[in-house]
Every structure is written in structure tokens, then in C-alpha cells.
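# Residue-level structural notes
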Amino acid sequence: MDIRSSPTEQDMALISFYKPPNVEWGRPLNCRLEGDTAIGQGVTRFFLSSCIEKLKSGFSINFANADVTRLFDGEPGHLVPSASHFLVESDLFMVAGRMLGHSFLHGGPSLSGLSPAVVHVLLGGSPETATLTLEDCPDLDIREIIRLLGGESTLSEKDAASVQELAYAWDLPSITETNRRWIFEKLLIHAVIGRVTRQIKQLRRGLKETPMWTVLTQRPDTVDRLLPKEGSGNINPEVLLQRITWPREDDEDADYSVATICCITGYLRQFIAHATPTELTDLVKFWTGWEILPRSLSVEVVTGRYPTASTCFEALRVPGHYKDYTSFRTDVLASISSCQTGFGLV
């Protein structure tokens, strides 16, 4: 992937890598960023993290007159595959399945926030036995029409016409008082699962091309690791602080005095303690190359202008020239924002 190219060209490079069939995805993975001095394992982490991030936020490719092409729609925790037929015809959900399995096989990040109903069907469950909620329906207009059937109050003439029109469009019978609940369930199943059955099958086929599918079928407990619930992967400030190896006070080769080192590391502790979940995730990605918290990280106080990281060694290098927390925080936020676009020291 050429870091100097446009976001569209970079995303096309990612998709092109996962397009070919019959690839042994379990083989060792070595990545290189063209136009960046980055080398080592950190580049591989950046590559896998970028793949999963694109599955969550969308590819910067203009498909069907959209600046960003999202493979999954809906609210966090209730994401479902996009109903776009163009994406299916382009085998992009096959690509998504390969990305998911490949990232997991190499210890990379997972795709969080999928609807439990989609996960249930993806793993071979029946749509009829899936647990569905209205929040799983990504189309807000359709959701509001289906919601009209959720209660027991009499529908107005206008509401009844809207519900009936949707039911006829999806080959369901006329609504009566006796079948109202049944129509509600059928509409919700079709809105969430029925319209994206091909997408789910294609996603499953992509996963089956990686050894990960065998693990999922033989070890059901791995499902929550491959497809975790929204928020389950959030980085806890206390855990992060516990895993940091701080500079030693008796280091004779240190660039700064003990007082300065204590001041700078104090700023870092304060930043971590008060950072938002997104800021903590970006910090760990900048520090290690991806958003997975390792067993141990290190901090060095060095001579320099801005914070840098050696992701291969999971070491954060913080300049010791800061005199106040405000300027420290500003530079840290500026540095960790670069984790989306590449980095010069990995």
C-alpha cells in the first residue's frame, strides 16, 4: 500500500489484496508501506488495523454515487450488512469475510458491534430463531412503520395504509387484529435479515476460506472474540496504566533529570486518566500499531519536538521540553491522530 496515494487508491489496494480466491490466509504476513520509512511488525499491525477500521467506517470509494461506501449500516451494536446489490455483485462481503478471518489469524483487531441476529444467522442459525429488536433495522423509515405494529392501539387510517403497503411489498397478507403480532415479526425479520441474506452468505463464504471458520465451528467460545459486542474492546485507563513500564530513576543515560522525567510521565498519566475511549484507542494504535493492548508497553523521555513511537518494540518516546500539561496534551492529540495516515518511525 502506497501511503502517498489518495485514500481511494489506498482502499482499492486493500480490496485488491483480498479479492483473489484460493489464497492461504494462514501463511506468514509481511507488509510494507510505500512512501513511509516504517518497517517491521508495526506495519503489519497498521495494515490489519486499517482493514478492520474500513469495515467499520467504510471505504473511500465512490460506489453508487456515494463518497464513502459502507459495508455495514445501522447503529453501533446493531450493525447489519448493507442491502446494496452492487456490493454483493462486487463480492465485497467475500472480501470482508477474508479480512475478518485473516486479521484474527494474525492476532489483529476484530469487528465489533454487529447485530446479534446477524451473528446468529452468520453461524448457521435460522432467522426465525434470531433475537431481533427494532434497533437492528438500519432503515429508519421502515423501522418507524414496523414500530406502529408493536403496540396494541388502533392504527389510524394513514398508519394502517403505510403498514399495509410495506407488507404487500414484501409478499405478506393483509393485516388483521389476529395476525398483527405475526406481521410485526415477519416484517422485522425481513427488514433485518431477509433483505441481506445474500450478503450474510457471502460473508460466511469469505470466512470459510480462512482457517478461522473451522475454529468458530469447533470452538463456539471464540465467536465473542472474532465478533465482540460493541464497547467490549474499549481500553480501560487503569489497565493501560498498569501495563506501562515507566522510565527508571537510576538510568544514567537518560536525556533529562529525574525531576523532568517525573513531570513528563505525570502529564502522560493525567492524559490517560482523562482521555476519552476514542483518544485511548488512538493512543494505543499510535503506540503499538493497532488497538490491541499488549501485555507490556514502555515509555521513554527523550530529546525531540513531538511524541513518536517505535511500534515494533511498543515504546512511546515523549519529548521532555514541555512546561505545562496543556501544550503536552495538544501535541499528544496531534501525534496520535496520525495513526490513520501512516507514521515515520514504526
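What you see is a predicted model, and the numbers here were worked out from it, not measured in a lab. (Residues numbered from 1 in each chain as written. Predicted model: local features only at pLDDT ≥ 70, side-chain atom pairs only at ≥ 80, totals over all residues. Heavy atoms only, no water.)

A word on the environment of F93. Following the sequence through the fold, F93 ends up in helix α4 (residues 92–105). Overall, the relative accessible area of 0% leaves F93 in the buried class. Considering only alpha carbons, one finds F93 and P138, 45 residues apart in sequence, at a separation of 18 Å. (Helix = DSSP H or I, 4+ residues; strand = E, 2+ residues; numbered from the N terminus. Buried < 20%, exposed > 50% of the residue type's maximum accessible area, 1.4 Å probe, protein only.)

This next bit is on the pattern of salt bridges. Scanning all chains against the criterion turns up 14 salt bridges. The partner of R45 in a salt bridge is E314, with the nearest N and O atoms 3.1 Å apart. Remark: E314 occurs in the loop between β5 (308–310) and β6 (315–319) and R45 occurs in helix α2 (residues 41–57); sequence separation between them is 269 residues. You can call E314 buried: its relative accessible area is 17%. We note a salt bridge from R329 to E279, for which the minimum N-O separation is 3.5 Å. Pair noted here: R329 is in helix α15 (residues 325–336) and E279 is in helix α14 (residues 277–288), with a separation of 50 residues, a long-range link. For E279, a relative accessible area of 16% translates into the label buried. (Salt bridge = Lys/Arg side-chain N within 4 Å of Asp/Glu carboxyl O.)

Right, let's talk about the pairing of β6 for a bit. Two faces belong to every sheet, and in a regular strand the side chains alternate between them. The element β6 is largely enclosed, with a buried count of four among its five residues. When strand β4 (residues 297–302) meets β6, the two strands line up parallel, connected through five bridges. When the bridges of β6 are listed, S298 appears paired with A315. Inspection of the sheet shows β5 paired to β6 by three bridges, in the antiparallel sense. Of the residues in β6, the one forming a bridge with A309 is L316. Between β5 and β6, which follow one another and run antiparallel, lie four residues, and E314 among them has a positive phi close to 55°. (Pairing = 2+ DSSP bridges.)

The next thing to look at is the sheet that holds strand β3 (residues 244–245). Strand order in the open sheet made by the four strands is β3-β4-β6-β5, with mixed pairing throughout. Every other strand in the sheet has two partners, leaving β3 and β5 as the edge strands with one partner each. In terms of strand pairing, β3 meets β4 through two bridges, oriented parallel. Counterpart to T245 in the pairing with β4 is S298. Of the strands in this sheet, β3, β4 and β6 touch helix α13 (residues 258–274), which is tilted by about 135° from β4. (Contact = heavy atoms within 4.5 Å. Axes fitted to C-alpha atoms, helices over the stretch in contact; angles between N-to-C directions.)

The next subject is the side chain of D136. Its place among the elements puts D136 in the loop between α5 (116–122) and α6 (140–147). R143 provides the closest opposite charge to the buried, unpaired D136, separated from it by 7.9 Å. Side-chain polar atoms of D136 contact the side chain of H78, separated by 2.8 Å. When sequence neighbours within four positions are dropped, the list of residues in contact with D136 reads H78, V80, S115, A117, T131 and V192. (Lys, Arg positive; Asp, Glu negative; His and termini not counted. Polar contact = N/O pair within 3.5 Å; in protein donor to acceptor, adjacent residues only side chain to side chain.)

Attention now goes to the nonpolar core. Ranked by internal contacts, the top residues of the largest apolar core, which has 63 residues, are L55 and I146. Filtering out sequence-adjacent residues up to four positions away, I146 remains in contact with L134, L166, F184, L187, L188 and A191. (Core = buried A, V, L, I, M, F, W, Y, C linked by side-chain atoms within 4.5 Å.)

This brings us to a negative patch on the surface. Together, D251, E252, D253 and D255 make up a negatively charged patch on the protein surface. Along the chain, D253 falls in the loop between β3 and α13. Residue D253 is classed as exposed on the basis of its relative accessible area, which comes to 68%. (Patch = residues over 30% accessible without salt bridge, like charges linked within 9 Å, V, L, I, M, F, W, Y side chains within 5 Å. Areas by Shrake-Rupley, 256 points an atom, 1.4 Å probe, with all protein chains shown as cover. Charge placed at Lys NZ, Arg CZ, Asp CG, Glu CD.)

What follows deals with the side chain of S112. By the element assignment, S112 lies in the loop between α4 and α5. Excluding its chain neighbours within four sequence positions, the residues that come into contact with S112 are K56, L79, P228, K229 and E230.

Tallied over the full model, the rule gives ten aromatic pairs. An angle of 20° between the planes, with centres 5.1 Å apart, marks the rings of Y18 and W25 as stacked. In this pair, the class of Y18 matches that of W25, namely buried. Here Y18 and F47 contribute two aromatic rings whose centre-to-centre distance is 6.2 Å and whose plane-to-plane angle is 15°, an arrangement assigned as stacked. Within this pair, whereas Y18 is found in helix α1 (residues 7–18), its partner F47 is found in helix α2, the two being separated by 29 residues in sequence. (Phe/Tyr/Trp six-rings, centres within 6.5 Å; stacked < 30°, edge-to-face > 60°.)

On to α4, then. Since the α-helix packs 3.6 residues into each turn, any two residues three or four apart lie on the same face. Taking 1.5 Å of rise per residue, 14 residues should cover 20 Å, and α4 covers 20 Å from first to last C-alpha, within 8% of that figure. Counting buried residues in α4 gives 13 out of 14 residues, a clear majority hidden from the surface. Remark: G107 follows α4 within two positions and exhibits a positive phi of approximately 75°. (Expected span 1.5 Å × (residues − 1).)

So, on to unusual backbone geometry. Non-glycine residue N22 carries a positive phi angle of around 55°. Inspection of the secondary structure puts N22 in the loop between α1 and α2. Owing to a relative accessible area of 76%, N22 belongs among the exposed residues under this scheme. Non-glycine residue D171 carries a positive phi angle of around 60°. If you trace the backbone, D171 turns up in the loop between α7 (157–169) and α8 (180–192).

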